[in-house]
Protein chains: 2
Amino acid sequence: MSLIFSRQCEYALQAVLYLALKSHNEMTSIKELTKRLDIPYHFLAKILQDLTRKGLLSSLKGPTGGFGLGMPAKDITLFHIVEAIDGVDFMHSCVMGFPECTGKNPCAVHEKWANLRDGVYTMLVSKNIAEMAKNMRKPEYQSA
Amino acid sequence: MSLIFSRQCEYALQAVLYLALKSHNEMTSIKELTKRLDIPYHFLAKILQDLTRKGLLSSLKGPTGGFGLGMPAKDITLFHIVEAIDGVDFMHSCVMGFPECTGKNPCAVHEKWANLRDGVYTMLVSKNIAEMAKNMRKPEYQSA
DNA sequence: GAATATTCAGATATTTTAGTCTTAATATAG
DNA sequence: CTATATTAAGACTAAAATATCTGAATATTC
Ligand code: FES
Ligand code: FES
């Protein structure tokens, strides 16, 4: 199972990228998000509330309300989202589950994993979410 | 949480590598394994039984009994163990959680993830567990 | 054959993650 | 001011992963 990120985190990544396509100050309802991205309504609600508390998103109640980015898209990377939801333990954990992961006392695949892990980090920080969102070729993100 | 492999799978990798250090036909008790590797006794028992059913290990009851490799260490890679415990869905799943992961309709990080994923595969198959076990610099594996 | 050390098997318990439901708060539109 | 659409919050349920317990089977040693 697994695959690096929790389900929550996957949903968060998908949703924030969707919001990144919208113009600043435009609010998007949970309804629109869940409809487009096929995420359970109340589950997504909780995730977005969480991200709002942490400052990555902003929210507004009432009609015309919804969620939007809490700061300029330029300043947000996928890494920020992962950090907020799952945390970044994976950046310094042994892929075989040993308690320590350092050059001292490395496991059999430490070297290779350390490289791959850096690659994952690069993948998450190399572009901001505005650029990322434009690179999405998923139909869910067309004409958002 | 997470980190690619489940806890079960991590334990399996650790335990099988430990067995790979032993001479062929030598049986190792769960007790020794859990003591050395700090894994819950009954949990490891179930994992090893599972691997035995799948042919990767062999077992023997009674005093002097225990577990050993079910085939030559040369023929086993870490990938076999992952395959047996977690399965290999991660090899063709989207890291952002989208339902499809192909070149058609790729997500924003598909290219990079596909490369990293291949790297993980290479990491798991590049050496057999005999070579892997020798590369372990963990104290748990010294003078096994 | 009896005592013992071990795996085997399956039931049960605990914890974590995922998902649902309900009510309150709030902003807008009329 | 009232009706309505929305988020906020927290309780609740469900499912999956992790861990423990107990008794049986089996091989060894004496
Ligand atoms: S010690 Fe295993 S990945 Fe670093
Ligand atoms: S589509 Fe996302 S990793 Fe392939």
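Just so it is clear, the model here is predicted, and its values are computed rather than measured.

Each value, and the rule that gives it
- Starting afresh in each chain, residues are numbered from 1 along the sequence in its written order.
- Lettering of chains starts at A and numbering of ligands starts at 1, both following the order in which they are written.
- Totals for whole chains, interfaces and linings use all residues, but because this is a predicted model, local features are given only for residues with pLDDT of at least 70 and pairs of side-chain atoms are given and counted only at 80 or more.
- The side-chain numbers reported here are obtained from all heavy atoms of the structure, hydrogens and water having been left aside.
- Each helix is a run of H or I in the DSSP string that is no shorter than four residues. Each strand is a run of E no shorter than two, and both are numbered from the N terminus.
- For every residue, the accessible area (1.4 Å probe, protein chains only) is compared with the maximum for its type, and the residue is labelled buried under 20%, exposed over 50%, or partly exposed between those bounds.
- We call two residues in contact when some of their heavy atoms are within 4.5 Å.
- C-alpha atoms of residues with pLDDT of at least 70 in both copies form the basis for the least-squares superposition of the copies.

Student: I keep staring at the overall build of chain A and nothing clicks. Help me out?
Tutor: A count of helical and extended segments in chain A gives six helices and two strands. For chain A, the sequential pattern of α-helices and β-strands runs α-α-α-β-β-α-α-α. Taken along its principal axes, the extent of the C-alpha atoms in chain A is 60 × 25 × 25 Å. Counting only residues that meet the buried cut, chain A has 50% of its 144 residues in that class. Of all intrachain contacts in chain A linking residues separated by at least 6 positions in sequence, the fraction that spans at least 24 positions is 61%.

Student: Just checking my understanding: could you explain unusual backbone geometry for this structure?
Tutor: Not every positive phi belongs to a glycine, and Asp38 of chain A is a case in point at roughly 60°. Its location among the elements puts Asp38 of chain A in the loop between α2 (30–37) and α3 (41–53). Looking at Asp38 of chain A, the relative accessible area reads 68%, which means it is exposed. You will see that Asn25 of chain B, though not glycine, has its phi angle at about 75°, which is positive. Mapping Asn25 of chain B onto the fold places it in the loop between α1 (7–20) and α2 (30–37).

Student: Sorry, what's going on with the relation of the copies chain B and chain A here?
Tutor: Here the second copy of the chain follows from the first by a rotation about an axis and a shift along it. Overlaying chain B on chain A yields an RMSD of 0.1 Å, the required transformation being a rotation through 180° with an accompanying axial translation of 0.0 Å. Given the turn and translation reported, the copies of this chain are related as if by a two-fold rotation axis. Measuring from the rotation axis to each C-alpha of chain B, the shortest distance belongs to Ile4 of chain B, at 2.4 Å. Of the residues that chain B buries at the interface, 100% are likewise interface residues in chain A, meaning the two copies contact each other through the same surface.

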